[in-house]
Amino acid sequence: MKQLKILIALSVVAIFSTANAAEVMDAKQSMALSQLKIGFMNPDVLFEQSAIAKLYKPNMDAQARQVDARITEIAAEFQKLEQDFKREQGIASDEELQAMQQAMQQKEYEAQGLQQQHQQMLASYGQNFSQQFGSVFRSAVELVVQEKQLDLVFDNNALVYMNNELDISQAVLVKFDELTAASYQQLKAQIESQQTAK
């Protein structure tokens, strides 16, 4: 009986020791997490606001306006075809009505094709930008991380909430523009040369 009591007592001590150890570990982990310096970054800022991106913007805006203008024209042409089709029902032959329907369908396909081409152009721009300047972007982030002594940087596009004081996007943007200054001048000269040639 005495041995049983000793075993029970030892078991209780072991349980409390394990619980205390877990609490100590949780406390240490909480303290470690509380001491982490965290920053948030919106990569889209580079695609929209960097000096390099702004050189591409006029051409991309012009292409977007062309696509929008053509789609507006197609919508007007489709509307006219639809009105003609409704007016000719019961008057025109089946072959003529079928031709009108095919013409309307062709307009729909053309509008969809233009939209897809524009989306592909934007995707291609993003891929080319990432391939050409991805390493520079990482260098810009690393410089800001070193200056601010950060431990972690998250993409704020994947966050539900973020304290704006932790946003390092503009700081990274400044570093990115500094690191791409030479590329900016080269690209600017190239664009100006192409415009002059036209």
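Per chain, residues are indexed from 1 in the order of the written sequence. A pLDDT threshold of at least 70 governs which residues receive local features in this predicted model, and a stricter bar of 80 or more applies before side-chain atom pairs are shown or counted, although totals over entire chains, interfaces and linings include all residues. Working from all heavy atoms in the structure, the side-chain values ignore hydrogens and water.

## Topic: the overall build of the protein
To keep it simple, the criterion reads: Secondary structure is summarised from DSSP: a helix means a run of H or I of at least four residues, a strand means a run of E of at least two, and numbering begins at the N terminus for each. Using a 1.4 Å probe on the protein chains alone, a residue whose accessible area is under 20% of its type maximum counts as buried, one over 50% counts as exposed, and one in between counts as partly exposed. Whether two residues touch is decided by their heavy atoms; if any such pair falls within 4.5 Å, the residues are in contact. For every accessible area listed, the method is Shrake-Rupley and the probe measures 1.4 Å; residues are considered covered only by the protein chains on display.
For the protein, the helix and strand inventory stands at six helices and two strands. Along the chain direction, N to C, the helices and strands of the protein fall in the order α-β-α-α-α-β-α-α. Split into buried and exposed, the 198 residues of the protein put 23% on the buried side. In the protein, the share of contacts with a sequence separation of at least 24, taken over all contacts with a separation of at least 6, comes to 84%. Here the protein displays about 14400 Å² of accessible surface, and carbon together with sulfur accounts for 54% of that area.

## Describing the packing of helix α3 (residues 51-88) against helix α4 (residues 94-148)
Counted only if it meets this: Axis geometry follows a simple rule: fit a line to the C-alpha atoms, using only the stretch in contact for helices, then measure angles between N-to-C directions, giving values from 0 to 180 degrees. Any angle between 65 and 115 degrees counts as roughly perpendicular, while under 35 counts as roughly parallel, over 145 as roughly antiparallel, and the rest as oblique.
Between α3 and α4, the shortest axis-to-axis distance is 8 Å and the interhelical angle comes to 170°. Classified by the interaxial angle, the pair formed by α3 and α4 is roughly antiparallel.

## Comments concerning a nonpolar patch on the surface
The condition that has to hold: To count toward a patch, a residue needs a relative accessible area over 30% and no salt bridge; like charges are then connected within 9 Å, while nonpolar side chains (Val, Leu, Ile, Met, Phe, Trp, Tyr) are connected within 5 Å. In what follows, salt bridge is the name for a side-chain nitrogen of Lys or Arg lying within 4 Å of a carboxyl oxygen of Asp or Glu.
Residues L36, L152, F154 and L159 make up a contiguous nonpolar surface patch of roughly 280 Å² in combined accessible area. Along the chain, L36 turns up in the loop between α1 (2-35) and β1 (38-41). In this structure L36 comes out as partly exposed when scored by relative accessible area, which is 30%.

## A short note on the environment of Q98
Mapping Q98 onto the fold places it in helix α4. Given a relative accessible area of 45%, Q98 falls into the partly exposed group. Separated by 13 residues in the primary sequence, Q98 and F85 have C-alpha atoms spaced 9.3 Å apart.

## What about the pattern of salt bridges?
This model, assessed by the stated rule, comprises nine salt bridges. Among the ionic pairs, R87 bridges to E88, the shortest N-O distance being 3.8 Å. When its relative accessible area of 21% is taken as the criterion, E88 is described as partly exposed. The structure contains a network of salt bridges with shared partners spanning R70, E73, E77, K107 and E110.

## Description of the nonpolar core
The line we're drawing: Take the buried Ala, Val, Leu, Ile, Met, Phe, Trp, Tyr and Cys residues and link them wherever side-chain atoms come within 4.5 Å; each set so joined is a nonpolar core.
Counting 18 residues, the largest nonpolar core has L46, F129, I168, V172 and F176 as its most contacted members. Only α2 (44-49), α3, α4 and α5 (169-179) provide two or more residues apiece to this core. A total of seven residues in this core trace back to one element, the largest contributor, which is α4. If sequence neighbours within four positions are ignored, F176 has contacts with L46, S50, F129, F133, V136, F137 and A140.

## A closer look at the packing of aromatic side chains
Using the following cut-off: For Phe, Tyr and Trp, where Trp contributes only its six-membered ring, two rings pair if their centres lie within 6.5 Å, and the inter-plane angle classes them as stacked under 30 degrees, edge-to-face over 60, or tilted in between.
For the coordinates displayed, the defined rule picks out seven aromatic pairs. When the centroid spacing of 5.2 Å and the interplanar angle of 55° are considered together, the rings of F129 and F133 count as tilted. Highlighted residues: F129 and F133, both in helix α4, separated by four residues, approximately one helical turn. Side by side, F129 and F133 carry an identical accessibility label, which is buried.

## Some thoughts on the confidence of the model for the protein
Applied cut-off: How sure the predictor is of each residue is captured by pLDDT, a score from 0 to 100.
Residues at a pLDDT of 70 or more form 82% of the protein, whose mean pLDDT is 81. Per-residue pLDDT, averaged within each element of the protein, yields its smallest value for α1 (44) and its largest for α5 (94). Across residues 1-22, where pLDDT falls below 50, the model places zero contacts with residues more than four positions away in sequence or in other chains.

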